[in-house]
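If you want the building blocks of each chain, they are given just below.
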Amino acid sequence: MASLPQSGFSSLAGKRLLLGVSAGIAAYKSALIVRLLKQAGCEVRVVMTDGAQAFITPLTLQALSGEPVRTSLLDPEAEAGMGHIELARWADAIVIAPATADLIARLVHGMADDLLTTLCLASEAPRLIAPAMNQAMWRHTATQRNVAQLAADGWQLIGPAAGDQACGDVGPGRMSEPEEIIEAIRRHFAPPPIAPQDAPHVVITAGPTREALDPVRYLSNHSSGKMGYALATEAARQGARVTLISGPVSLPTPAGVERIEVETALQMHAAALRLAPEATVFIGCAAVADYRAENAAEHKLKKSDDRDTLTLTLVKNPDIIADVAALPIEQRPFVVGFAAETQDVERYAQDKLARKGLDMIVANDVSQQGLGFGSDDNAALLLWRTPLGNEQLSAPPQPKTQLAALIFQQTLAQLSLISSGA
Ligand code: PMT
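The shown structure was predicted, so the numbers you read here are calculated from the model rather than taken from an experiment.

1. Thoughts on the sheet that holds strand β3 (residues 93-99)
Reasoning step 1: In spatial order, the strands read β2-β1-β3-β4-β5; together these 5 strands make up an open sheet with parallel pairing. Edge positions in the sheet fall to β2 (43-48) and β5 (156-157), since each has one partner strand and no second.
Reasoning step 2: Of the strand pairs in this sheet, strand β1 (residues 16-21) and β2 are connected by 6 bridges, and their pairing is parallel. Paired with G20 across the strands is V47, a residue of β2.

2. As for the domain arrangement of the protein
Reasoning step 1: Domain boundaries assigned for the protein yield domain 1 (16-189) and domain 2 (199-296 + 311-420).
Reasoning step 2: Averaged C-alpha coordinates put domain 1 and domain 2 at centres separated by 39 Å.
Reasoning step 3: For the pair domain 1 and domain 2, the summed buried surface comes to about 420 Å²; carbon and sulfur atoms form 34% of the total.
Reasoning step 4: Broken down residue by residue, the surface that domain 1 buries against domain 2 is led by Q39, A40 and R186, which jointly contribute 81%.
Reasoning step 5: Two residues, R237 and E183, come together in a salt bridge whose shortest N-O distance is 3.9 Å.

3. Comments concerning the pairing of strand β7 (residues 170-174)
Reasoning step 1: As paired elements, strand β6 (residues 161-164) and β7 share 4 bridges and run antiparallel to each other. Note that in β7 the partner of A162 across the bridge is P172.
Reasoning step 2: Between β6 and β7, which pair antiparallel in sequence order, lie 5 residues; one of them, G168, sits at a positive phi of approximately 100 degrees.

4. Remarks on the packing of aromatic side chains
Reasoning step 1: Applying the stated criterion across every chain yields a total of 0 aromatic pairs.
Reasoning step 2: For K15, the ring lying beneath its charged end belongs to F189, and the centroid distance is 5.1 Å.
Reasoning step 3: Looking at R347, its charged tip hangs above the ring of Y348, at a distance of 5.0 Å from the centre.

5. Here's the deal with the nonpolar core
Buried together is how nonpolar side chains tend to be arranged in soluble globular proteins.
Reasoning step 1: Counting 34 residues, the largest nonpolar core has L231, I283 and I407 as its most contacted members.
Reasoning step 2: Secondary structure elements with two or more residues in this core: β8 (201-206), α10 (226-237), β11 (241-246), β13 (281-284), β16 (334-341), β17 (360-365), β18 (377-386) and α14 (400-419).
Reasoning step 3: In contact with I283, other than residues within four places in its own chain, are V202, V203, I204, T205, L231, V336, F338 and F408.
Reasoning step 4: With 33 residues, the next largest nonpolar core counts V21, I33, M48 and I158 among its residues.

6. As for the side chain of E341
Reasoning step 1: As for its position among the elements, E341 is in strand β16.
Reasoning step 2: Ignoring sequence-local partners within four residues, the contact set of E341 consists of Y348, A349, K352, N364, D365, V366 and S367.

7. Observations regarding the side chain of H269
Reasoning step 1: Following the sequence through the fold, H269 ends up in helix α11 (residues 265-275).
Reasoning step 2: Engagement of the side chain of H269 in a polar contact is seen with the side chain of D323, the distance being 2.7 Å.
Reasoning step 3: Leave out the neighbours within four places in its chain, and H269 touches P318, I320 and D323.

8. A word on the pairing of β1
Reasoning step 1: Summarising burial for β1: 5 of the 6 residues are buried, a large majority.
Reasoning step 2: Here β1 pairs with β3 via 4 bridges, running parallel. Looking at the pairing, L17 lines up with A93 of β3.

9. Section: the site of the ligand
Reasoning step 1: Close to the ligand lie 28 residues; S223, S224, K352, N364 and G374 are nearest.
Reasoning step 2: K226 places a main-chain nitrogen or oxygen 3.2 Å from an oxygen atom of the ligand.
Reasoning step 3: If the ligand stood free it would expose 780 Å²; the protein chains cover 95% of that surface.
Reasoning step 4: Among the elements of the structure, α10, α12 (320-325) and β16 are those that each provide at least two residues to the shell around the ligand.
Reasoning step 5: With 4 residues, β16 is the single largest residue contributor to the shell around the ligand.
Reasoning step 6: Class assignment of the residues belonging to the shell around the ligand gives a composition of 13 nonpolar, 9 polar and 6 charged.

10. Points about the pattern of salt bridges
Reasoning step 1: Evaluation of the coordinates by the stated rule reveals 18 salt bridges.
Reasoning step 2: Across the pair E341 and K352 runs a salt bridge, and its minimum N-O distance is 2.7 Å. On the criterion of sequence distance, the pair formed by E341 in strand β16 and K352 in helix α13 (residues 345-355) is long-range, its members being 11 residues apart.
Reasoning step 3: On the basis of relative accessible area, E341 is assigned to the buried category, the value being 7%.
Reasoning step 4: For the salt bridge of R347 with D344, the shortest nitrogen-to-oxygen distance reads 2.7 Å.
Reasoning step 5: Judged by its relative accessible area of 41%, D344 falls in the partly exposed class.
Reasoning step 6: Where salt bridges share partners, they join D102, R106, D113 and D114 into one cluster.

Scoring rules and cut-offs
- Residues numbered from 1 in each chain as written.
- Predicted model: local features only at pLDDT ≥ 70, side-chain atom pairs only at ≥ 80, totals over all residues.
- Heavy atoms only, no water.
- Pairing = 2+ DSSP bridges.
- Helix = DSSP H or I, 4+ residues; strand = E, 2+ residues; numbered from the N terminus.
- Domains from an automatic or database assignment.
- Buried area = accessible area lost by both parts, 1.4 Å probe.
- Salt bridge = Lys/Arg side-chain N within 4 Å of Asp/Glu carboxyl O.
- Phe/Tyr/Trp six-rings, centres within 6.5 Å; stacked < 30°, edge-to-face > 60°.
- Lys NZ or Arg CZ within 6 Å of the ring centre and 35° of its normal.
- Core = buried A, V, L, I, M, F, W, Y, C linked by side-chain atoms within 4.5 Å.
- Buried < 20%, exposed > 50% of the residue type's maximum accessible area, 1.4 Å probe, protein only.
- Contact = heavy atoms within 4.5 Å.
- Polar contact = N/O pair within 3.5 Å; in protein donor to acceptor, adjacent residues only side chain to side chain.
- Near = heavy atom within 4 Å.
- Areas by Shrake-Rupley, 256 points an atom, 1.4 Å probe, with all protein chains shown as cover.
- Nonpolar A, V, L, I, M, F, W, Y, C, P; charged D, E, K, R; others polar.

In structure tokens:
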């Protein structure tokens, strides 16, 4: 197996983020920021200024982050738990969104007159800030001077955006959208791009297979390829060399991805076993037919007037992913399988993880309306092995593109643990 390069991938999984919320109308969007960060696998602790609590309640952010929200510097009970210096040291990064003109001014002057500003002084972690204010306040010389000073002090600015404002004005000063803020945080943690020759090779199977019964009929399933193609797109976006072994689907090849078209399980098996020994990661997302006709008819099967039934003899197809997982250790990539289940999702997925010898499995309940086969959205339970037993992460319904990012991040997180010998 090629080893994982130490740079090139951006993962928020496991990152500890301190989110500061100050008193702007955009504070309501901090709820979505917390939710997106949690979905990306971050630990999130929220600190609110006094004014922020007039716009959104600590309880909302506590429910979303799963952690008590801190609002006061002089809170004996909170300090008895994780003191403010400990909290400042805990954070991998501080993100303030929204940041008002007043907060920015206080930060520039190194003030420590509330918990949030005190934490910013006490922390050596990277700091990102998303200003939000009225357009005239944003344009004001004092604000512009302060923002320039913040940038000079090492703060990374996110936005602001321009457009309609809650006060009725139009212009710059709107807080960037939560998705843009998450993307900026992700970019912040992204290591330098990797050189193409060092890029890990990710091989992904996607779509259905077709098993001919005769020249015009086949056995197949409803896989559209969307989940596998989303994974290929995400892996390529993150700098991997990606080969997609695709069954028949009507999707365009993602940018930068090499596509090998196959039709049958046997063809997919041959392509997978040819590529896997050189791959870093193998992801089996295809819905492979478990059986094929023992003998596909050479000519179209004719309907017979004196026969009401037709018996087909099917033979088992090879298990592609199990064969990849059984490669000798020096040729074996990190292997991620999928499990399409309609009941007892976790139990069957645990069984497939063990039986097929996989490193990780993504289990989806394909009986749920609007998820799984053919849809744009999916939900999944990710299970992976650790020396101390299996661990899991539940991903709620979301676009397949987003779920693909989470699956790929978790894959890389596990792979880098293995590469580092942890
Ligand atoms: O393509 P979409 O419309 O976006 O739908 C996505 C999906 C539902 C197809 C996808 O999310 C999914 O669940 N893919 C796996 C489907 C499947 O065949 O699951 P399974 O539980 O039968 O197989 C378990 C694993 O073994 C899978 O990784 C599968 O690729 C692999 N397998 C199965 C049979 C076989 N002969 N060879 C294999 O490698």
